[in-house]
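Single-letter residue listing:
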Amino acid sequence: SDWSSDVCSSDLKAYNQMQYGVFIDHSKAYVIGINEKNEISSEIVKAPLRHLHFAGEKTAKTGQFGHTLDQQRKQQHKEHQEFGKFCKAITSKLTRANQIYVFGPATAKQVLRKEIEQTKALKGIYLKIATRDKMDKRGAVREVKGFYK
């Protein structure tokens, strides 16, 4: 039998000791980590862009030949792509993860959940999703501490 796989898997278990909490909304994420010594780290990841209106655009009325709708569709596609990059930036911070708790308002947490589930390094890790109101970083740290008590 291949003894090296036994060594690697037990080393991996010892290595993956971080518990993470991620508060996410459409403008930012607080990534809060708790290590095996119960030390807490936190980091803010800013979303790349907010919803933008085009210069001179007051309403979502259709312009001549539907140009405004086409621009809006392109803008939505761009925002979706940018938000996907934002979620990838968050998952890249979840190193040595053993549990992940994602919380926040709205749909952002579901997009992040999909990204986590599609990330090879995070496969099979305990993941919990919860709806919570907007909060500041201190509130998010309190929420994560309470979750992992």
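In this text the structure is predicted, and so the values were computed from the model without any measurement.

Peer 1: Describe the sheet that holds strand 2 (residues 28-34), and please don't skip the residues or the numbers.
Peer 2: The strand order across the open sheet formed by 5 strands is 3-2-1-4-5, and the pairing between neighbours is mixed. Strands at the two margins of the open sheet, each flanked by one partner only, are strand 3 (40-46) and strand 5 (126-131). Mean inter-strand twist for the sheet, computed between neighbouring axes without regard to direction, equals 15°. In this structure, strand 1 (residues 18-24) lies alongside strand 2, joined through 6 bridges in antiparallel fashion. Bridged to Q19 within strand 2 is I34. Contacts from helix 3 (residues 108-117) reach strand 1, strand 4 (97-104) and strand 5 within the one sheet, and its direction differs from that of strand 5 by about 170°. The sheet strands contacting helix 4 (residues 137-147) are strand 1, strand 2, strand 3, strand 4 and strand 5, and the helix crosses strand 2 at an angle near 40°.

Peer 1: Would you mind going over the environment of V45 in detail, with residue names and values included?
Peer 2: Here V45 is to be found in strand 3. In this structure V45 comes out as buried when scored by relative accessible area, which is 9%. Taking the C-alpha atoms as reference, V45 lies 7.9 Å from F86; in sequence the two are 41 residues apart. Sequence-distant contacts of V45, defined by excluding residues within four places in its chain, comprise K28, A29, V31, F86, A89, I90 and K93.

Peer 1: Give a detailed account of unusual backbone geometry, specifying residues and quantitative values.
Peer 2: Of note, the phi angle at N38 is positive, near 70°, even though the residue is not glycine. Residue class for N38 comes out exposed when judged on its relative accessible area of 62%. In this structure, A106 is a non-glycine residue whose phi angle is positive, near 60°. Mapped onto the fold, A106 is located in the loop between strand 4 and helix 3. What makes A106 partly exposed here is its relative accessible area of 49%.

Peer 1: Describe the pattern of salt bridges, and please don't skip the residues or the numbers.
Peer 2: What the rule picks out here adds up to 9 salt bridges. In this structure, E43 and K93 form a salt bridge, with 3.0 Å as the shortest nitrogen-oxygen distance. Taken together, the residues span a long stretch of sequence, with E43 in strand 3 and K93 in the loop between helix 2 (67-91) and strand 4 at a distance of 50 residues. With a closest N to O distance of 3.4 Å, K88 and E115 form a salt bridge. Here K88, found in helix 2, pairs with E115, found in helix 3; they are 27 residues apart in sequence, far enough to count as distant. Look at K88 and you get partly exposed, because its relative accessible area is 48%.

Peer 1: Let's hear about the nonpolar core: which residues, and what values?
Peer 2: Within the largest apolar cluster, 20 residues are counted, with the highest numbers of intra-cluster contacts made by I24, F86, I90, L94, I100 and L112. Listing elements by their share of this core, those giving two or more residues are strand 1, strand 2, helix 2, strand 4 and helix 3. Look past the residues within four positions of L94 in its chain and what remains in contact with it is Y20, V22, V31, I100, I116 and L122. Y30, Y101, F103 and Y148 belong to the second largest nonpolar core, which has 11 residues in total.

What counts and what doesn't
Residues numbered from 1 in each chain as written. Predicted model: local features only at pLDDT ≥ 70, side-chain atom pairs only at ≥ 80, totals over all residues. Heavy atoms only, no water. Pairing = 2+ DSSP bridges. Helix = DSSP H or I, 4+ residues; strand = E, 2+ residues; numbered from the N terminus. Axes fitted to C-alpha atoms, helices over the stretch in contact; angles between N-to-C directions. Contact = heavy atoms within 4.5 Å. Buried < 20%, exposed > 50% of the residue type's maximum accessible area, 1.4 Å probe, protein only. Salt bridge = Lys/Arg side-chain N within 4 Å of Asp/Glu carboxyl O. Core = buried A, V, L, I, M, F, W, Y, C linked by side-chain atoms within 4.5 Å.

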